[in-house]
Structures are given as C-alpha cells and as structure tokens.
Amino acid sequence: MAISLYDLGVKSYLQLVPAVSRFLEKGRSYCEENNRDLDEILELRLIDNMAPFTFQLFSVAHHSVGAINGLKTGEFNPPKVPPGLNYASLQELISNAESELKALDMDMINALEGGDVIFKMGATSLPFTAEDFILSFSLPNFYFHATTAYDILRKEGVPLGKMDFLGVMRMKGN
C-alpha cells in the first residue's frame, strides 16, 4: 500500500499538535500551582542564541497548517511571529491549528501530490516537490520546534514525560 501525502503530512501533524496542546495545558497548570507568571515562559530559551518559547510554538503551527497552505499556494516562507502573543494566545493558536488540520479534506490534500513548493527566504529559493517539502523540510522543522517547546517546559520543571510528547500513535487497527 502506498502512503499518501495526507498520511505523510496531516496525520503526522495530527499526532503531535494535540500533544503540544496537552503539554501546554500541563505547563499552564504547573505555573498556576507554583505561582509562576505564565508570560515569563514566553521569552525562555534553551540557550541564548536560540529562538524563544513563543517562536517555537508559533513555528509548530506554521510548519503544520502553514505547510499545508504552502502546498496549496506553491510557496512557503519563514514564520513571522506577531507581537503581543501571550501564553493563552499560544494555546489558542495550537488549538486552532488542530481544528484546521482536522477540517482538511484528504482527497484535496492528495490531489497536491507531485506539485511544486518553493521555500522563499529573502533571495534564497529552495524548490521541492510536495512530498519532499513535507518529508525533508516541514516535518523536521515541525518536530524540532515541538521538541524545543517541550524541552523548555521540562527545563522549567513542568512534569512531562515522553508519552506527553508522542501523542496518539497510529497503531494497527486504528
């Protein structure tokens, strides 16, 4: 059985986006229980030259829903994080990404197979097929940013484990 573009992208995003939503909720609960200001989490980084928590979460949405939009338009650009995001708005962003992904039509996504997608950043243009864009650009970035957001919360003491990250796995019979 061949694997479809929908299976590669949307199903992979839908495994982790709800998990990100759940670990964000655990982070919110932990901060509230420990009298910690949620918004102080926003600018935290694993290391000084790394993008902050806000960017990591915005990028989870950008490299899932935004990647699908890139398949549709044929162009994908770096994320542009809007100013003024707080913890609650990041939770809403991830929740909305999940809803948008769930609403996607499988046949419409699969009809994009073999299409061209160009990643444009300034003068740089990287050409991909739809499948290669998902497999070699979008998914690695998506997992990187989800993992980094998870790691920042772990570093801050939020009681998270591997199962909080993995989400609902696609097992035989499901």
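Values in this document were obtained by computation on a predicted structure and should not be read as measured data.

**Q** Would you mind showing me how to read the environment of A111 here?
**A** The residue A111 is located in the loop between α6 (106-110) and β2 (116-121) in this model. Judged by its relative accessible area of 62%, A111 falls in the exposed class. Measuring from C-alpha to C-alpha, the distance between A111 and K72 comes to 9.8 Å, with 39 residues separating the pair along the chain.

**Q** Mind showing me how you'd approach the pattern of salt bridges here?
**A** Close approach of charged atoms allows side chains with opposite charge to pair. Under the defined criterion, the tally for this structure stands at 9 salt bridges. We note a salt bridge from E25 to R28, for which the minimum N-O separation is 2.1 Å. A residue pair is termed a helical-turn pair when its members lie 3 or 4 positions apart in one helix, as E25 and R28 do in helix α2 (residues 10-33) at 3 residues. Relative accessible area serves as the criterion here: at 32%, E25 is assigned to the partly exposed category. Residues joined by salt bridges that share partners form a network here, namely R36, E40, K155 and E156.

**Q** So what exactly am I meant to see when it comes to the nonpolar core here?
**A** Nonpolar side chains in soluble globular proteins tend to end up buried together. If you look at the biggest cluster of nonpolar residues, it comprises 48 residues, and the most contacted ones within it are Y13, F53, L71, F133, I134 and L153. Contributions of two or more residues to this core are made by α1 (5-8), α2, α3 (53-62), α4 (65-73), α5 (87-102), β2 and α7 (130-155). No other element matches the 11 residues that α7 contributes to this core. Ignoring any residue separated from it by four or fewer positions in sequence, one finds L153 in contact with F23, L24, G27, I41, F53, Y87, V158 and L160.

The rules behind each value
Residues numbered from 1 in each chain as written. Predicted model: local features only at pLDDT ≥ 70, side-chain atom pairs only at ≥ 80, totals over all residues. Heavy atoms only, no water. Helix = DSSP H or I, 4+ residues; strand = E, 2+ residues; numbered from the N terminus. Buried < 20%, exposed > 50% of the residue type's maximum accessible area, 1.4 Å probe, protein only. Salt bridge = Lys/Arg side-chain N within 4 Å of Asp/Glu carboxyl O. Core = buried A, V, L, I, M, F, W, Y, C linked by side-chain atoms within 4.5 Å. Contact = heavy atoms within 4.5 Å.

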